[in-house]
Amino acid sequence: MAIIKVGDKATAPSIRPSLLLDFANSKALDPRITFTRASTATYWDGHTTAKAEENLQSRSTELNSTYWLPYNTTLTPNSTTAPDGTNTAAVFIESTSTTNHYLHAESGYVVTTATATAYTWSVYLKKGSGATAPDILCLGFRGATHTTAYANFNISTGAVTATSSATATISNAGNGWYRCTVSITANASGAGGGVLAFTNNNPTAGRFASYTGATTADVFVWGPQFEQRSSATAYTPTTSSPVVKYQPVLQTATPNGARFDHDPVTGESKGLLIEEARTNLMTYSNVLTGWYYSNVTRECETVIAPDGTATAVASRGDTIGSYQIYKPVSGISAGAVRTYSLYVKKYGSRYCYLANDPLNSAFVWFDLDNDAAVTEQGSNVISAGSEAVGNGWYRIWMVNSQHNNYTQYGFATQDSSSTAWGTANAPVTYSGIAWGYQFEVGAFPTSYIPTSGSTVTRSADAAELPSNTWYSDSGTLYADFNIAGPATGSYGNVVQLLENVGSRWGFPYINGNNTLTALAYNAPDITNPTLGGLSYGSNTRVVMTSPNGSQFVTSLNGASVVTTSATAVSNPISLSIGKVLSDNNTFTGTFSKIAYYPQRLPNATLQAMTEE
């Protein structure tokens, strides 16, 4: 209910509601409500977060002797092209001293670690051009983090050659680069961190091999990262300070568990989420399996996805060409309105391109530097949009109705916005991060439905409560709700008081012209006036007096009240929320508040209640 401004002639209701379902504030179901949904379902709870990007090693982008200590070695910054396409990789060279040869952060920039805590140290390495450039390098730790742990890597063959008290991985990052990672549980506390050491090219050398070095033994280095977790995530650059970011976490409700949805960025409570049944026809939603990559290599490290798991994929362009990731989809009826959506995050390329096939005009461009705003779209697109979900992630979507000749659905990233799918990019650059692809038949996106090898259906939500404890004749029904988009079927229900199939009243909406109506149905008499148009994605406030005697009164979004003639409706036995008798459920959206006042309120009050 709207707050009445000082000076308004209208006043708030003078009586308390006999029923108050304040979903947005209470975030709970009235115990009298029967709520059902046969499947799990996702939502945002407005407060749960997970650690996302992290690099505890400051000055990772400044590989020079000011911030890093090259012990019996030299370090020259900005010496060659790095994995991100910039000229920021350093060259690391042995001296001729007979001792050990290594690199770690200077004393003012070390990482302080704690015992019995998991850490991962990672560095990008590439074999140098010197006559004795080594294949074997070692990643270890300073004694204040771990006194013995290390791993050796062959950066020519991409193999881990030795480990001690650690686990290790090596992954191809393209253009001769490998990302090497070593993970440990710290056995000491204090100023520690990671070490990069030469090994005299010995695959099984220990943590600090001692030997006479050579000035032609060089290796290229880029992207050092130190994380407090048991495996590496995508590289996060740092300058003067460490980086630790957090992001909202998409939640999963159990079957028959009500969802109280929130804006993932602001935390604003939206109320009770009610959705129609939908099926994700994309059999692998997380883009890790079963997808095709064109001119793109999936990075072996993963990124923290919107659900808090390390399952999002960072991709890298391999060759000059358009960067595309796509997958065929089956189970589509020709001409059906369908929506495809995807969670994306910038990781190099500015623009993201969502399409069903490169050969037709169903495509949309999104600008990831401008809140994923739509910049261009094809003629076969019905609608498109994006939603920020925190920490640089956006859910983007596109709705179209296309013939059944094209069944490949995917996305691409590019350096400049263009309607041409095949626009070329420079090779060997990061291109983007993706997760959570959903393909569903319907005119708008619904909550994410994860899949892992087969299609998955999220069942419809349904909520109903008996009216015998709060209903009285000559009362007033109020609803504040937000409809996500056009319903399935010809009409849908917002809230409705039911006596039986032959007697009911409330608020349905007509799908063909997107209008909200009132309903007083006492078979065989029906009154169904149009109240006004619906604005999808924003709150609607409506009020209606019970159709007793010979009329009822309505107001929509602060409009003047409308009086309509109607026959009396029998005492209802229940209140249905978002449910239609004929097709069970076609409402999708959130209910902020539903209230019933046991009196017919004055007209001025009715209008004031629905004002913004």
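Residues numbered from 1 in each chain as written. Predicted model: local features only at pLDDT ≥ 70, side-chain atom pairs only at ≥ 80, totals over all residues. Heavy atoms only, no water.

Peer 1: Quick one: what's the story with the overall build of the protein chain, residue by residue and with numbers?
Peer 2: Assigned secondary structure in the protein chain consists of 2 helices and 49 strands. For the protein chain, the proportion of its 612 residues judged to be buried stands at 56%. Across the protein chain, every contact between residues at least 6 apart in sequence was considered, and the portion connecting residues at least 24 apart equals 72%. By element, 49% of the accessible surface of the protein chain is carried by carbon and sulfur atoms, the whole surface being about 22,400 Å². (Helix = DSSP H or I, 4+ residues; strand = E, 2+ residues; numbered from the N terminus. Buried < 20%, exposed > 50% of the residue type's maximum accessible area, 1.4 Å probe, protein only. Contact = heavy atoms within 4.5 Å. Areas by Shrake-Rupley, 256 points an atom, 1.4 Å probe, with all protein chains shown as cover.)

Peer 1: Residues and numbers for the sheet that holds strand β15 (residues 177-185), please.
Peer 2: Taken in spatial order, the 6 strands of this open sheet run β5-β6-β19-β10-β15-β14, and their pairing is antiparallel. Across the chains shown, the open sheet's two edge strands, defined by having one partner strand only, are β5 (73-80) and β14 (167-174). Across this sheet, the average inter-strand angle for adjacent strands is 30°, counted without regard to direction. (Pairing = 2+ DSSP bridges. Axes fitted to C-alpha atoms, helices over the stretch in contact; angles between N-to-C directions.)

Peer 1: Run through the nonpolar core, naming residues and quoting values.
Peer 2: With 39 residues, the main nonpolar core has F481, V494 and F591 as its most contacted residues. Looking at which element gives the most residues to this core, the answer is strand β38 (residues 476-483), with 4 residues. Membership of the second largest hydrophobic core comes to 37 residues, among which are L75, W121, L125 and I155. (Core = buried A, V, L, I, M, F, W, Y, C linked by side-chain atoms within 4.5 Å.)

Peer 1: Kindly report on the sheet that holds strand β12 (residues 150-154), identifying the contributing residues and their values.
Peer 2: Judged by pairing direction, the sheet is antiparallel, and its 6 strands sit side by side in the order β4-β8-β17-β11-β12-β13 without closing on themselves. On the outer flanks of this sheet lie β4 (68-71) and β13 (159-164), each paired with one strand and no other. Taking the axes of each pair of neighbouring strands and ignoring which way they run, one obtains an average angle of 20° across the sheet. One ladder, built from 2 bridges, connects strand β8 (residues 102-105) with strand β17 (residues 194-198); its direction is antiparallel. Paired with Y102 across the bridge in β17 is A197.

Peer 1: Which residues make up the pairing of strand β40 (residues 503-510), and what are the values?
Peer 2: When you tally the buried positions in β40, you get 7 out of 8 residues, the bulk of the element. Both strand β39 (residues 491-500) and β40 contribute to a ladder of 8 bridges, which runs antiparallel. Of the residues in β40, the one forming a bridge with L497 is W505. Note that β40 and strand β42 (residues 519-522) share 4 bridges and pair antiparallel. What sits directly across from R504, in β42, is Y521. Summarising the sheet, β40 and strand β41 (residues 515-517) pair through 2 bridges and their orientation is antiparallel.

Peer 1: Describe the side chain of D218, listing the residues and the values that go with them.
Peer 2: On the secondary structure map, D218 appears in strand β19 (residues 218-227). For the buried D218, which has no salt bridge, the nearest side chain bearing the opposite charge is K127, at an N-O separation of 8.6 Å. At 3.2 Å, the side chain of D218 forms a polar contact with the backbone nitrogen of S129. (Lys, Arg positive; Asp, Glu negative; His and termini not counted. Salt bridge = Lys/Arg side-chain N within 4 Å of Asp/Glu carboxyl O. Polar contact = N/O pair within 3.5 Å; in protein donor to acceptor, adjacent residues only side chain to side chain.)

Peer 1: Lay out unusual backbone geometry with the relevant residues and their values.
Peer 2: Despite not being glycine, R59 has its phi angle at roughly 60°, a positive value. In this structure, R59 sits in the loop between β3 (41-55) and β4. Take R59: its relative accessible area is 14%, and that puts it in the buried class. Here the phi dihedral of A116 falls at roughly 60°; this positive angle occurs in a residue that is not glycine. Its location among the elements puts A116 in the loop between β9 (111-113) and β10 (118-127).

Peer 1: So what about the packing of aromatic side chains? Which residues, and what values?
Peer 2: Per the counting criterion, the structure on display carries 22 aromatic pairs. Judged by centre distance (5.0 Å) and plane angle (90°), the rings of Y67 and Y109 are edge-to-face. On the criterion of sequence distance, the pair formed by Y67 in the loop between β3 and β4 and Y109 in the loop between β8 and β9 is long-range, its members being 42 residues apart. Between the aromatic rings of F587 and F591, the centroid separation amounts to 4.6 Å while the plane-to-plane angle is 25°, which identifies the pairing as stacked. F587 sits in the buried class, given a relative accessible area of 0%. For F591, a relative accessible area of 0% corresponds to the buried category. These aromatic residues form a ring-pair network of at least three members: Y119, W121, F141 and F226. Above the plane of the ring of F444 lies R278, whose end atom (NZ or CZ) is 4.7 Å from the centre. (Phe/Tyr/Trp six-rings, centres within 6.5 Å; stacked < 30°, edge-to-face > 60°. Lys NZ or Arg CZ within 6 Å of the ring centre and 35° of its normal.)

Peer 1: Would you mind going over the pairing of strand β32 (residues 381-390) in detail, with residue names and values included?
Peer 2: Two elements, β32 and strand β33 (residues 393-401), share 8 bridges in a ladder whose sense is antiparallel. Counted as the bridge partner of E387 is R395 from β33. Count of turn residues in the β32/β33 antiparallel hairpin: 2 residues, of which N391 carries a positive phi of about 55°.

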